[in-house]
Amino acid sequence: MSELQNPTMDHVVKSNISELSDINYDVESVRNDFPILSRKIHDQDLVYFDNAATTQKPASVIQTLTRFYSEQNANVHRGIHTLSQEASDAFEAARGTIKKFINAASEQEVVFTTGTTGGINLVATALSRGILRPGDEIVISGMEHHSNIVPWQMACEYTGAILKVIDVLPDGTLDLEHYESLLTEKTRLVSIGHTSNAIGTIHPLKAIIDLAHSAEALVMVDGAQAVPHESVDVVALDADFFAFSSHKVYGPTGFGVLYGKKDLLEMLPPYQGGGDMIETVSFEKTTYNTLPFKFEAGTPNIAGAIAFAAAIDYLNEIGMDAVRKHEQGLIEYGLDALGSIPGMRIIGDGCPRASVISFLVGDIHPYDAGTFLDRMGIAVRTGHHCAMPLMNRFKIPGTIRASFGMYNTRSEIDALVKGVERVRGILA
Amino acid sequence: MTAVQSIAEREREIVEEFALFDDWFERYEYLIELGESLNKIEDEYKTEAFRIHGCQSQVWLRPDYRNDKVFFKADSDAAITRGLVALVVRVLDGLQRSEIRDARFDFLDDIGMNEHLSPTRKNGLSAMVEQVKNYAREDASS
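If you're wondering where the values come from, they're calculated on a predicted model, not measured in any experiment. (Residues numbered from 1 in each chain as written. Chains lettered and ligands numbered in written order. Predicted model: local features only at pLDDT ≥ 70, side-chain atom pairs only at ≥ 80, totals over all residues. Heavy atoms only, no water.)

**Description of the overall build of chain A**
Broken down by element type, chain A carries 16 helices and 17 strands. The C-alpha atoms of chain A give 22 Å as radius of gyration, which agrees with the globular expectation for 428 residues (22 Å, within 12%). Based on the C-alpha atoms only, the size of chain A along its principal axes is roughly 80 × 55 × 35 Å. Expressed as a percentage of the 428 residues in chain A, the buried residues total 56%. Long-range pairs, those at least 24 residues apart, make up 72% of the contacts in chain A between residues at least 6 apart in sequence. When the accessible surface of chain A is split by element, carbon and sulfur atoms take 52% of a total near 17,500 Å². (Helix = DSSP H or I, 4+ residues; strand = E, 2+ residues; numbered from the N terminus. Rg over C-alpha atoms; globule rule 2.2 N^0.38 Å. Buried < 20%, exposed > 50% of the residue type's maximum accessible area, 1.4 Å probe, protein only. Contact = heavy atoms within 4.5 Å. Areas by Shrake-Rupley, 256 points an atom, 1.4 Å probe, with all protein chains shown as cover.)

As structure tokens, then:
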């Protein structure tokens, strides 16, 4: 504890610098916009540090959802009645908001999905239908979430393509030399996370994409952990496909986006068949709808799309750059404060990171730590974070993961540090 | 007259012990202490054959059949789970198979630990309870 109460000069100087960088960010006002943050957990103030799993929702998103079902609900693209027109207009307006948010060239490139997993499965399945050939190679990294591993394993199983995996270095970054060596004339696709959900590493995505393109390979990006934390420009990145989830960006669950370059989406065969994705249906020959509807079979998550647009409006109002600076300040402060705890091991301590600190303390099992922290009102994630290969790489059973969002504060990090110290007192 | 306590008696004893503590923190400390005194499975048996598959913490459990009674040795890599395992073993150890099969573990609710028995906690405890009952069903000679 004495180390915490008497921070080193270094600690003080660093904190003051980042204090200046977000001096205009009114975190208390942001917090007031999120009703759930006033909840008590086990009679304690909730400290919500599980944002990499899902974020909380601002009142404007919750109100949009209830307003849709109270006043606007109808199916889209089908009816000529007023409600259906209104719902369709709001639904397509959401597509426009999302397009602008990621700077896509056109609405046709913005495909609505159920989430990041849905988007990756769409691309992997479509590529498996006559495009991938035996012996083709798909490159992923050793740091991927299971949902950017398993769809490709399945694609390889169906097509005879081969999966190659980029090594992870001890500091929690990718071995880019190894990556370059994996790129050959056989490489058809590189599928890579923008930032790691398990340890927070921000990958040099632009360089990774450029290298893939010079090897004439396509690039699919799992952007789930990047979009909440920085402004993403899919055109500047030159990503071929980019998937992300609404619920990690302060929007509802069960909704997500797949961006794809228009010519590539045109080239891909449809994923699921059903209503809305067709132009004409007959038993002799069915023709498919234009983009993006070709990939949107069935009634979509209409309320989810509209409420996600409300989340984007909210973020734009605060400013993505202000959010990024605030969160970077939290990361810096958190690394410093947690780093002062004896026995602290931060996984991937050498990497540039976005909003995630994944750690272990001495021999304390993450399950024990998570259980005690929960009793103190602190929600962290413990376990393998759906990245078992990465845990095996570091030879650990799992970690304790604190992940930050736009409404988190330094005093909450202080509460976490105090909580971890208390857990150490019992278990270390 | 019998020297062996029934499940109900054993459970009541545990509930009374835990009632001595005022707050959750002390109860957990006591639980972890109980885990330390668990009759631990030998390292050589911490193998796949005796491992209970939980998601986050691992549990190992080995039955020892004597006549129609079952004795258990167990362990876990997480301290809280080890404590809970110790409670379950304490309630069931050395009982008749039929008694083990019918055990309900309601006492976990009374001591505020019921949440850990939920399969969604992914700590291996609920799978362990299933396994304990399976062992009690199995043929003693197997």
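Now that the structure is up, let's keep going.
**Regarding helix α5 (residues 82-102) of chain A**
Compared with an ideal rise of 1.5 Å per residue, which puts 21 residues at 30 Å, α5(A) spans 31 Å between its outermost C-alpha atoms and is within 8% of the ideal. The first or second residue beyond α5(A) is A:Asn103, which carries a positive phi of 60°. (Expected span 1.5 Å × (residues − 1).)

**A word on the environment of A:Leu182**
Residue and element names in this part refer to chain A. Mapped onto the elements of the fold, leucine 182 is located in helix α8 (residues 176-182). Taking C-alpha positions, leucine 182 is 7.4 Å from valine 139, a pair spaced 43 residues apart along the chain. Contacts of leucine 182, omitting those with residues within four sequence positions, involve Glu137, Val139, Lys164, Val165, Ile166 and Thr187.

**Some words on the side chain of A:Lys261**
One can find A:Lys261 in the loop between β10 (256-260) and α11 (262-267). Ignoring sequence-local partners within four residues, the contact set of A:Lys261 consists of A:Glu109, A:His213, A:Asp238, A:Ala239 and A:Asp240.

**Some details on the domain arrangement of chain A**
Residue and element names in this part refer to chain A. Domain annotation of chain A identifies domain 1 (2-32 + 320-427) and domain 2 (61-317). Measuring from the centre of the C-alpha atoms in domain 1 to the corresponding centre in domain 2 gives 30 Å. For the domain 1 and domain 2 pair, buried surface summed over both sides reaches about 2,400 Å², with 63% attributable to carbon and sulfur atoms. Our count for the domain 1 to domain 2 interface comes out at zero salt bridges. On the surface where domain 1 and domain 2 come into contact, there are 13 residue pairs in polar contact (both at pLDDT 80 or more). Elements that contribute at least two residues to the side of domain 1 that touches domain 2 include exactly α13 (320-339), β14 (356-361) and α15 (388-393). (Domains from an automatic or database assignment. Buried area = accessible area lost by both parts, 1.4 Å probe. Salt bridge = Lys/Arg side-chain N within 4 Å of Asp/Glu carboxyl O. Polar contact = N/O pair within 3.5 Å; in protein donor to acceptor, adjacent residues only side chain to side chain.)

**Thoughts on a negative patch on the surface**
A cluster of acidic side chains, namely B:Asp22, B:Asp23, B:Glu26, B:Glu29 and B:Glu33, defines a negative patch on the protein surface. Taking the relative accessible area as the measure of exposure, B:Asp22 reaches 72% and is therefore exposed. (Patch = residues over 30% accessible without salt bridge, like charges linked within 9 Å, V, L, I, M, F, W, Y side chains within 5 Å. Lys, Arg positive; Asp, Glu negative; His and termini not counted. Charge placed at Lys NZ, Arg CZ, Asp CG, Glu CD.)

**Here we look at the sheet that holds strand β1 (residues 51-52) of chain B**
Residues and elements named next belong to chain B. Judged by pairing direction, the sheet is antiparallel, and its four strands sit side by side in the order β1-β2-β3-β4 without closing on themselves. Every other strand in the sheet has two partners, leaving β1 and β4 (95-96) as the edge strands with one partner each. Of the pairings in the sheet, the one linking β1 to strand β2 (residues 59-66) comprises two bridges and is antiparallel in character. Bridging across to β2, arginine 51 finds its partner in tryptophan 60. Docked against the sheet, helix α6 (residues 125-137) engages β1, β2 and β3 (69-76), running at close to 20° with respect to β2. (Pairing = 2+ DSSP bridges. Axes fitted to C-alpha atoms, helices over the stretch in contact; angles between N-to-C directions.)

**Describing unusual backbone geometry**
Residues and elements named next belong to chain A. In this structure, proline 292 follows leucine 291 across a cis peptide bond, with omega equal to -5°. As for its placement among the helices and strands, proline 292 is situated in the loop between β12 (287-288) and α12 (302-318). Within the chain, histidine 42 stands out as a residue other than glycine whose phi angle is a positive 50°. Topologically, histidine 42 is positioned in the loop between β1 (40-41) and β2 (44-45). Positive phi values are uncommon outside glycine, yet cysteine 386 reaches one of about 55°. For cysteine 386, the location among the structural elements is in the loop between β16 (381-383) and α15.

**Topic: the interface of chain B and chain A**
Taken residue by residue, the interface counts 18 residues in chain B and 13 residues in chain A. Taken together, the links from chain B to chain A amount to one salt bridge. We note a salt bridge from B:Glu115 to A:Arg375, for which the minimum N-O separation is 3.6 Å. For the pair chain B and chain A, the number of links is six residue pairs in polar contact (both at pLDDT 80 or more). Breaking the side of chain B that touches chain A down by element, the ones donating at least two residues are α2 (24-36) and α3 (79-92) of chain B.

**Looking at empty space enclosed by the protein**
Using the criterion set out here, one finds one cavity of 30 Å³ or more in the structure. Within this model, the largest cavity holds a volume of roughly 30 Å³. Surrounding the largest cavity, A:His365, A:Pro366, A:Gly383, A:His384, A:Pro397, A:Gly398, B:Cys55 and B:Gln56 form its lining. Its residues placed into classes, the lining of the largest cavity shows three nonpolar, five polar and no charged. (1 Å grid on protein atoms, 1.4 Å probe; cavity = no way out; pocket = protein on both sides within 12 Å on 5 of 7 lines; lining within 4 Å. Points joined across faces, edges and corners; volume = space filled by probe spheres on them. Nonpolar A, V, L, I, M, F, W, Y, C, P; charged D, E, K, R; others polar.)

**A word on the side chain of A:Ser141**
Residues and elements named next belong to chain A. Among the secondary structure elements, serine 141 is positioned in strand β5 (residues 137-141). On the basis of relative accessibility, which here comes to 1%, the residue serine 141 falls in the buried class. Of the polar contacts made by the side chain of serine 141, one reaches the backbone nitrogen of methionine 143; its length is 3.0 Å. There is a polar contact of 2.5 Å between the side chain of serine 141 and the side chain of glutamate 144. Not counting chain neighbours up to four residues away, the residues in contact with serine 141 comprise Val165, Ile166, Leu174, Ser191 and Ile192.

**Focus on the pattern of salt bridges**
Residue and element names in this part refer to chain B. All chains considered together, the criterion is met by 25 salt bridges over all chains. Ionic pairing is found between aspartate 75 and arginine 82, a salt bridge with its closest N-O pair at 2.8 Å. Grouping residues by exposure puts aspartate 75 and arginine 82 together as buried. Beyond isolated ion pairs, a larger network of salt bridges with shared partners links Glu36, Asp43, Lys46, Asp75 and Arg82.

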